[in-house]
Each structure stands twice: as structure tokens, then as C-alpha cells.
Amino acid sequence: MPISDRDYVRGEHPPTCTCKECTERRLSKYTSQRQGNTNRKSSLRTKPSSSHFVIPPASIRRIWRKIPLWIHKLFLSLLVIAGLVEIIRRGYELFTQHTEPLKNTIIFLIEVGGWIWIITVLRKRRYRYRNPKFKLILISIIAISSVCAFAGIEPLSSYKDNIFDSVNDYLEEQRVARDVAEETRIESEEERILQDAIRAERLAFDLINERRMLNGLMPTKWNDELYKLSKAHTQAMSDRGELFHSPMDASYGENAWGGEGYIDYGYEELATVIVDSWMSSPLHRAWILHEPLQTSVVSIIVTPNSQFASWTFWTNEAGEGPELVQKIADEWRRETGESIPWIEWLYMKDYLRQ
């Protein structure tokens, strides 16, 4: 083949060209690849610098396995206790809204998950029957922490003081709450008794007028001025704890009822008991059914220790009074010459007893 027909002479160099230029190019490429492989192998054999040294996980596992199992269990038990304290602390902060809710909720859930995982590891056969026991560790930590706290070692002493202060504050708040609740209950009970007494007054007044109408008499009318006088007299009987009547020359007179001791009547029952008591006593009945009377009121005072009531009327409407009262008054004058008080003599003669 003439030289002019060869490929490299025409400028075309096939892959299998053996000219000088192609041969040198192939040799230089092969040399550079060998040098690169040599550099990579040397770099793999070279130890990394101390700033980038990382212990592989396999080495950590080998180190962990060389440690005695009782140290493993002690470490994991301490992690459980510390994790519980941290969960309580973070949960308290979340409950009292002292931290960022979303971020700390995620951390809280992660802590709970890790804590449960550590407990699961401790419960495996590998650690379950190994010493030291978890209860012993917990009791020891509590005992040591308590001694340090009461010995004044910080920060345990401050924690102890804060806990005691919090407990005392809580107990004081509970005591105050109980006192307020008791005062509220007493006030509510007193208000109920007061309202029942007011309803009983008007009901007793209506019952007295019913008795008058059943006996062919006109009902009496309520008078607010007379009610104030009657209420004051009933309050005075309650304060003194005894029944007494207004003076003979007073502008008003009354039937009195009550005494020491409290019975929890409903207002309807209380009004009925009072009116029935007066109607069963001859002198009291005589006044209630005294025809000339046009005005009257009923006042009642109820306390936790007593119950008193007055049916009060204007004396200027009474005239000489009921016939029975006049008859007994004449007897009083004849026997005593008015030397013994009228009411005292009535009690002596049992005229005011049922």
C-alpha cells in the first residue's frame, strides 16, 4: 500500500492506529491513570486528622459491650429518673403556658418516646435480673437528694424551699377557698331563712284574716308604719331571747310567740304553727277575733338559735279590748291591786299558756 494511501497520512487515525503520535498519547493516558490509582490507595491508608476523626458505630458498640452490665443498668436507670424529672418539668411549663407551645410540645413527645424506649430496654432479660435494682437506685437518689436539700446544699436547698413554699401557698389557698365557701353557704342559708320569714309573715297575716272572716269579722289591713314597730319589738325579743309585751301605754299591742331553739320549718309550716298557737290560746284568740280592730301586721325573726313572732295592732282601735280580756283584767286588779305586773300575773295564772 503506498504511503499516501495510509490513514494517518491522510489525517485519519483509527483506534488501532500505531503511529508515533497515537502511541505516545495512549502511553501518557495509561501513566496518568496509574498515578491516580496510586494516590487514591495512599489516601485510604492515611489516617484522618484529629479535627475530623470520627469513631465508627461498630467501635462504640465494642466499647459499650466491654463495660460491665451493672454499669449499663445503673446508667440506664439514672437516665429513666432524669427523663422522668425532665418530662414533669416540661409538662408543667406546657400546662402553665410558660413556654412556646408548638416547639415544646414536639420536644415533650420526643422525650416521652425516648423515656419509654429506655424503660423497654431495662425490662429486657439482659438487665431485668441484674443488680443494682431500679427501686434501690430510686430510693438512694431520693434519700441523698433529701439529705443534701436539708443540709443547705445548693441548688437542692432552693428547690426544697420552693416546693415547701408552693405547698404552703396551695394549702393556704385551699383554706381560704373553704372559708369563702363556708361564708357563702352561711350567707345563702341566712338569706334563705330571711326570705322564708318574710313569706311566712304575709302568709300568717292572711291566715289570721281568714280566721276572722270565718267568724264573721272583717279582715284587717296591712300598715307599713305599724310593721316597722312590730319588727323592732320582735327583734328586741330575739335579742333578749325571751317573750315580752309592749308597755300598757304604748300605741300598739301584740300577740307574741316564740323562744330559744330553732326548728327548720318551711315558711308555710311556720306561718301555720304560729297562727294555730295563737288561736289555741284563749287570750290571744280573743285579740285576733276582736271586732273593732281594722289594722294589723305580722313580723317574724328567725335566727340559727331562736324564732320569734308578733301579731301587732293599734291600741286606739281596740277600745276597751275583748270582753274576756276585760274580765281577766278586773280579776288582776282585785287580786293584786296592780302590784304585780300584768304579764307576770298572766303567766302565774296560766292565762298565757296553751
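Trainee: I'd like to hear about the overall build of the protein chain, residue by residue, with values.
Mentor: Helix and strand content of the protein chain: 13 helices and 3 strands. Within the protein chain, the proportion of its 354 residues that are buried is 30%. A fraction of 64% describes how many contacts in the protein chain between residues 6 or more apart in sequence connect residues 24 or more apart. In the form shown here, the protein chain has an accessible surface area of approximately 24500 Å², with 59% of it arising from carbon and sulfur atoms.

Trainee: Residue-level account of the sheet that holds strand E2 (residues 296–303), with values.
Mentor: The strand order across the open sheet built from 3 strands is E1-E3-E2, with neighbouring strands paired in antiparallel fashion. Of all the strands in the sheet, just strand E1 (252–260) and E2 have a single pairing partner and so form its edges. On average, each strand axis in the sheet is tilted by 10 degrees relative to the strand beside it, whichever way the strands run. Of the strands in this sheet, E1, E2 and strand E3 (306–314) touch helix H10 (residues 267–279), which is tilted by about 120 degrees from E1.

Trainee: Describe the environment of Ala 236, naming the residues involved and giving the relevant values.
Mentor: Mapped onto the secondary structure, Ala 236 falls in helix H9 (residues 224–240). Taking the C-alpha atoms as reference, Ala 236 lies 9.6 Å from Phe 308; in sequence the two are 72 residues apart.

Trainee: Any details on the environment of Glu 93? Residues and values, ideally.
Mentor: By the element assignment, Glu 93 lies in helix H4 (residues 69–95). Sequence separation of Glu 93 and Asn 104 is 11 residues, and the distance between their C-alpha atoms is 8.9 Å. If we skip the residues at most four places from it in the chain, Glu 93 touches His 98 and Thr 99.

Trainee: I'd like to hear about a positive patch on the surface, residue by residue, with values.
Mentor: Where like charges cluster on the molecular surface, the positive patch consists of Arg 61, Arg 62, Arg 65, Lys 66, Arg 126 and Arg 130. Of the residues forming the positive patch, the biggest block, 4 residues, is contributed by helix H3 (residues 57–66). Mapped onto the elements of the fold, Arg 61 is located in helix H3.

Trainee: Before we move on, could you go through the pattern of salt bridges and cite the residues and values that matter?
Mentor: A side chain with one charge may pair with a side chain of the opposite charge, provided their charged atoms come close. Enumeration according to the criterion identifies 15 salt bridges in this entry. Glu 338 is paired through a salt bridge with Arg 333; the nearest N and O atoms lie 3.3 Å apart. One salt bridge connects Lys 349 with Glu 335, and the closest N-O pair in it is separated by 3.5 Å. Of this pair, Lys 349 sits in the segment after helix H13 (342–348) while Glu 335 sits in helix H12 (residues 323–336), and the two are 14 residues apart along the sequence. Where salt bridges share partners, they join Glu 86, Arg 89, Arg 90, Glu 93 and Glu 111 into one cluster.

Trainee: Can you lay out the packing of aromatic side chains for me, pointing to particular residues and giving the numbers?
Mentor: Within this structure, the stated rule accounts for 4 aromatic pairs. With a centroid separation of 5.2 Å and an interplanar angle of 35 degrees, the aromatic rings of Trp 222 and Tyr 227 are classed as tilted. With centroids separated by 5.3 Å and ring planes inclined at 45 degrees, the aromatic side chains of Trp 311 and Phe 313 adopt a geometry described as tilted. The exposure classification of Trp 311 matches that of Phe 313, with both residues buried. Connected via pairs of aromatic rings, a cluster forms that spans Phe 205, Trp 222 and Tyr 227. One cation-aromatic arrangement involves Arg 199 over Tyr 267; the distance from NZ or CZ to the ring centre is 5.1 Å. Its guanidinium or amino end placed over the ring of Trp 222, Arg 202 lies 4.1 Å from that ring's centre, counting from NZ or CZ.

Trainee: Which residues make up the pairing of E2, and what values do they have?
Mentor: Across the 8 residues that make up E2, a large majority, 7, are buried. The sheet contact formed by E2 and E3 spans 8 bridges and is antiparallel. Paired with Ile 301 across the strands is Phe 308, a residue of E3. Here E2 folds back onto E3, and the loop between the two strands holds 2 residues.

Trainee: I'd like a rundown of the side chain of Ser 238, residues and numbers included.
Mentor: Position of Ser 238 among the secondary structure elements: in helix H9. Discounting chain neighbours no more than four positions away, the residues touching Ser 238 are Ile 301, Thr 303, Ser 306 and Phe 308.

Trainee: Outline H10, supporting the account with residue identities and numerical values.
Mentor: With 13 residues, H10 extends 18 Å between its outermost C-alpha atoms, agreeing within 8% with the 18 Å of an ideal straight helix rising 1.5 Å per residue. Every buried residue belonging to H10 is among Leu 270, Ala 271, Ile 274, Val 275, Ser 277, Trp 278 and Met 279, and all of these are buried. Close packing links the buried residues of H10 with helix H8 (156–214), E1, helix H11 (282–288), E2 and E3.

Trainee: Describe the packing of helix H7 (residues 134–150) against H8, and please don't skip the residues or the numbers.
Mentor: Contact geometry for H7 and H8: axes closest at 7 Å, N-to-C directions at 90 degrees. By the angle class used here, H7 and H8 are roughly perpendicular. Together, Ser 145, Cys 148, Ala 149 and Phe 150 of H7 and Leu 156, Ser 157, Lys 160 and Phe 164 of H8 make up the contact between the two elements. Of the residues in the contact of H7 with H8, the class split is 5 nonpolar, 2 polar and 1 charged.

Trainee: So what about a nonpolar patch on the surface? Which residues, and what values?
Mentor: A cluster of nonpolar side chains, Phe 150, Ile 163, Phe 164, Val 167, Tyr 170 and Leu 171, forms an exposed patch at the surface whose accessible area comes to about 630 Å². Along the chain, the position of Leu 171 falls in helix H8. Judged by relative accessible area, Leu 171 falls into the partly exposed class, the value being 48%.

Reading the values: rules and limits
Residues numbered from 1 in each chain as written. Predicted model: local features only at pLDDT ≥ 70, side-chain atom pairs only at ≥ 80, totals over all residues. Heavy atoms only, no water. Helix = DSSP H or I, 4+ residues; strand = E, 2+ residues; numbered from the N terminus. Buried < 20%, exposed > 50% of the residue type's maximum accessible area, 1.4 Å probe, protein only. Contact = heavy atoms within 4.5 Å. Areas by Shrake-Rupley, 256 points an atom, 1.4 Å probe, with all protein chains shown as cover. Pairing = 2+ DSSP bridges. Axes fitted to C-alpha atoms, helices over the stretch in contact; angles between N-to-C directions. Patch = residues over 30% accessible without salt bridge, like charges linked within 9 Å, V, L, I, M, F, W, Y side chains within 5 Å. Salt bridge = Lys/Arg side-chain N within 4 Å of Asp/Glu carboxyl O. Lys, Arg positive; Asp, Glu negative; His and termini not counted. Charge placed at Lys NZ, Arg CZ, Asp CG, Glu CD. Phe/Tyr/Trp six-rings, centres within 6.5 Å; stacked < 30°, edge-to-face > 60°. Lys NZ or Arg CZ within 6 Å of the ring centre and 35° of its normal. Expected span 1.5 Å × (residues − 1). Parallel < 35°, antiparallel > 145°, perpendicular 65-115°, else oblique. Nonpolar A, V, L, I, M, F, W, Y, C, P; charged D, E, K, R; others polar.

Don't take any of this as a statement about function, it's just geometry.
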